[in-house]
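Reading the structure
For reference, the chains in residue letters:
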Amino acid sequence: MATLYDKIWADHLIGEREDGQSLLYIDLQLLHEVTSPQAFAGLAQAGRALWRKEANLATPDHNVPTDNRAAGIDGIADPVAREQVVTLDDNCRRHGVRQFGMLDVRQGIVHVMGPEQGATQPGMTIVCGDSHTSTHGAFGALAQGVGTSEVEHVMATQCLAQSKARNMAIRVNGKLPAGVYAKDLALALIGSIGTAGATGHTIEYQGEAVRALSMEGRMTLCNLSIEAGARAGLVAVDDTTIDYLQGRPLAPSGSEWQAAEAHWRELVSDADAEFDSAASLDAAALTPQVTWGTSPEMVAGIEGATPNPNRAADPTEADGVERALAYMGLAADQPIADIRLDRVFIGSCTNARLEDLRVAARIVAGKQVASSVKQALVVPGSGLVKQAAEAEGLADIFTAAGFEWRAPGCSMCLAMNPDKLLPGEHCASTSNRNFEGRQGHGGRTHLVSPAMAAAAAVAGHFVDVREWQ
Amino acid sequence: MKAFRRDTGLAAPLDRANVDTDQIIPKQFLKSIKRTGFGDNLFDAWRFLDEGDIGLTPNERRLNHRFVLNQPRYQEAGVLLARRNFGCGSSREHAVWALLEYGFFAVIAPSFADIFFENCFKNGLLPIRLDEAVVDDLFERAQGDGGLELTIDLEAQRIELPDGGEIAFDVPLSARRKLLEGLDDIGLTLAQADRIRAFEASYHQRRPWLRSGAGTPEQAAP
């Protein structure tokens, strides 16, 4: 009768606070340099300590540079960014929090590092001061992005005070065609239900196409839950989940593994569980997706074109379309395949895992980045992803094709470090947000899968990667 | 946190849907380790024509006079009128800090993104959800001659209009109390510390593999 979300919620529910808010016990908090300093400062100001220091794990990711990494913190040219990274260092040392620092091979984007280390486990409640925390839902963990006040609240109390969200089931029937990936599935879904389509809900992704996804694919899908308005997305535990976790440094071992696995296997929605809302998608009908506008819901298939504001449903939408086209420097009814690219970015917590890099490398192997493309960047999600990609020759394939091979971090996904777009530049990006200025002041972002980004780098404009298989 | 009971302010109409937190406070201004200093860069890319940097004051920037907040009639606005899905995107609480520091005490919209909505209550900014038709009407009045001054009474959950009209709104009870009394959220939870401790002990007995957590700093040497 219970959904997976209901089960995890019930397992962590301490009770109600006097104001009626539910207190939910939190197993793991991931910390990074941008949203944690004010929380640590708040703790200090109130004279409070961390409730349970080993429930926290930190790594700097948002504004670390992706070159000159050997210089460590000294390699951060921007003094304000450097102060944040130094402050994270200091806070972790002072409070006894484990951190993978800039010189540690395990450093990476929090949402790549956590799963990779086995810190993310099924049935857990996880928070991080970052909205893409929804990524960890791929493991059947209730993972939510929180604001800095909530970061501090969890630091001090090990609880989140909140109201339960509603349940939403998204069923993806059938099989994804070759050349169509989890990223396309997520973008098509957001295009269909909108960026507020799942507001107030926890999504559970179900169906044949979801079951067939690797953990990497499921992470991409859950990562983008927040772009559909949901604070959390979930995928039920199965063999794929269990196999991924086995042998990870922070995953249980021995008899504890047995006990954990037995519990994890129960982390599925009951067959007769009821959902407050539902949507479904036919995987077989999906095509490679490209965003054309300034919100992830402004998306079209590669075979399609930009919309025409004259055909919008209401004045607010027409105004939104018009404004987005103007910002993006695109015309109404312009074919997606005609959009030319200035830069290409393969990276971010959405698509910077080994599988993503393998797919992209396969596309560019033996080819060259188009001369019209000023820069093509590959930024692995973690030091370990980087190391593995180098060991299997992916880095060589990328550099031979004319890509720059960088050190791990959030990089051009949000351009807090020196990797950014110049005004008016179009970028094929494997990241998660195409908001105005997201990748640099005046920059124009098109969200795509790693395969589509790689093919666009070679062609200089968007192409249908299904024809490159 | 500062309490909020009742306040009066001019409404500034920001006529676009899906305003994301990247627009409210762009990422280049998130590098501070403090909770203050964000107001000058609220809606930075829309308010200014030049690309800003930390430390530059608005006086040193090129104003975009077409942007609503720069129009003389909306100076000193205290209420932001917005469209659907306001505050979507990034969880950055800096967005709320920037709105408050600029001088807004309330935001009215047909809908808000979840994390932003929660973040408001933690800082004393009042987010008010109203039906789209009601918001449309407020936009029309705010854009009309003379503008629109609103008095917002949280205790009564009521917006008072200059013509004597009233609009009722609803704020979740726990959030309302927090704002009215300016409660310390952490203090409220720590009042239940014994209960949390007891839960934690039995929980880790049920899930022994979670006891060691992510480890300690000593294990993190490179």
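This is a predicted model, so every value here is computed, not measured.

Next up on the list: the interface of chain A and chain B. Between chain A and chain B, the contact holds 87 residues from the first and 71 residues from the second. Between chain A and chain B, roughly 6,600 Å² of surface is buried when both sides are summed, and carbon and sulfur atoms account for 53% of that area. On the chain A side of the interface with chain B, the three residues burying the most area are Q38, W51 and H441 of chain A, jointly 10% of the side's total. Where chain A touches chain B, the interface holds 11 salt bridges. A salt bridge links D22 of chain B to R438 of chain A, with the nearest nitrogen and oxygen atoms 2.9 Å apart. If you look at where chain A meets chain B, you find 40 residue pairs in polar contact (both at pLDDT 80 or more). Here the side of chain A that touches chain B takes seven residues from helix α5 (residues 148-157) of chain A, the largest share from any one element. Residues that form the side of chain A that touches chain B fall into these classes: 29 nonpolar, 32 polar and 26 charged.

To continue, consider the environment of I203 of chain A. Residues and elements named next belong to chain A. Relative to the helices and strands, I203 is located in strand β10 (residues 201-206). Considering only alpha carbons, one finds I203 and V110, 93 residues apart in sequence, at a separation of 21 Å. Setting aside residues no more than four positions away along its own chain, I203 makes contact with M168, I170, A198, S225, A230, A232, G233 and L234.

Attention shifts here to the packing of helix α12 (residues 354-364) of chain A against helix α15 (residues 450-459) of chain A. Residue and element names in this part refer to chain A. Their axes nearest at 8 Å, the elements α12 and α15 cross at an angle of 30 degrees. In terms of their interaxial angle, α12 and α15 are classed as roughly parallel. Like other packed secondary-structure pairs, α12 and α15 cross with a definite hand, here right-handed. Residues D356, V359, A360, I363 and V364 of α12 touch α15, and the partners they reach there are P450, A451, A454, A455 and V458.

Moving on: the side chain of R433 of chain A. Positionally, R433 of chain A belongs in the loop between β18 (426-429) and β19 (444-447). Here G89 of chain B takes part through its backbone oxygen, which lies 3.3 Å from a polar atom of the side chain of R433 of chain A. If near-sequence neighbours (up to four positions away) are discounted, R433 of chain A is found in contact with S131, H132, I226, E227, R438, T445 and L447 of chain A together with D22, G89 and S90 of chain B.

In this section: the environment of A230 of chain A. Residue and element names in this part refer to chain A. Structurally, the position occupied by A230 is in the loop between α8 (215-223) and β11 (232-234). Placed 86 residues apart in sequence, A230 and Q144 show a C-alpha to C-alpha distance of 9.1 Å. Residues within four places of A230 in sequence aside, it is in contact with A198, T199, H201, I203 and S225.

Counted under the stated rule, the structure contains zero disulfides over all chains. Cysteine C92 of chain A remains unbridged, with the sulfur of C128 of chain A as its closest cysteine sulfur at 12 Å.

Taken together, three strands build an open sheet; the order of strands is β1-β2-β8 (chain A) and the sheet is antiparallel. Unpaired on one side and paired on the other, β1 (13-16) and β8 (159-162) of chain A mark the two borders of the sheet. Pairwise comparison of adjacent strand axes, ignoring direction, gives a mean angle of 25 degrees for this sheet. Pairing of β1 of chain A with strand β2 (residues 22-25) of chain A involves three bridges; the strand directions are antiparallel. The residue bridging G15 of chain A from the neighbouring strand is L23 of chain A, located in β2 of chain A. Strands β1, β2 and β8 of chain A of the sheet are contacted by helix α8 (residues 193-206) of chain B, whose axis makes an angle of about 155 degrees with β1 of chain A.

With that settled, consider the packing of aromatic side chains. The final tally for this structure, using the stated rule, is 19 aromatic pairs over all chains. Relative to W405 of chain A, the ring of F398 of chain A lies with its centre 6.0 Å away and its plane at 15 degrees, an arrangement referred to as stacked. You can call F398 of chain A buried: its relative accessible area is 0%. Classification of W405 of chain A by relative accessible area gives buried; the value is 17%. Taken together, a centroid distance of 5.8 Å and an interplanar angle of 10 degrees make the contact between F43 of chain B and W46 of chain B stacked. The exposure classification of F43 of chain B matches that of W46 of chain B, with both residues buried. An aromatic cluster of at least three residues, connected via ring pairs, comprises F86, F112, F116, F117 and F121 of chain B. In this arrangement the basic side chain of R16 of chain B is found over the ring face of W46 of chain B, its NZ or CZ atom lying 3.7 Å from the centre. Directly above the ring of F117 of chain B sits R129 of chain B, whose terminal nitrogen or CZ lies 4.2 Å from the centroid.

Conventions we followed
Residues numbered from 1 in each chain as written. Chains lettered and ligands numbered in written order. Predicted model: local features only at pLDDT ≥ 70, side-chain atom pairs only at ≥ 80, totals over all residues. Heavy atoms only, no water. Contact = heavy atoms within 4.5 Å. Buried area = accessible area lost by both parts, 1.4 Å probe. Salt bridge = Lys/Arg side-chain N within 4 Å of Asp/Glu carboxyl O. Polar contact = N/O pair within 3.5 Å; in protein donor to acceptor, adjacent residues only side chain to side chain. Helix = DSSP H or I, 4+ residues; strand = E, 2+ residues; numbered from the N terminus. Nonpolar A, V, L, I, M, F, W, Y, C, P; charged D, E, K, R; others polar. Axes fitted to C-alpha atoms, helices over the stretch in contact; angles between N-to-C directions. Parallel < 35°, antiparallel > 145°, perpendicular 65-115°, else oblique. Left-handed = near helix turned anticlockwise from the far one by under 90°. Disulfide = S-S within 2.5 Å. Pairing = 2+ DSSP bridges. Phe/Tyr/Trp six-rings, centres within 6.5 Å; stacked < 30°, edge-to-face > 60°. Buried < 20%, exposed > 50% of the residue type's maximum accessible area, 1.4 Å probe, protein only. Lys NZ or Arg CZ within 6 Å of the ring centre and 35° of its normal.

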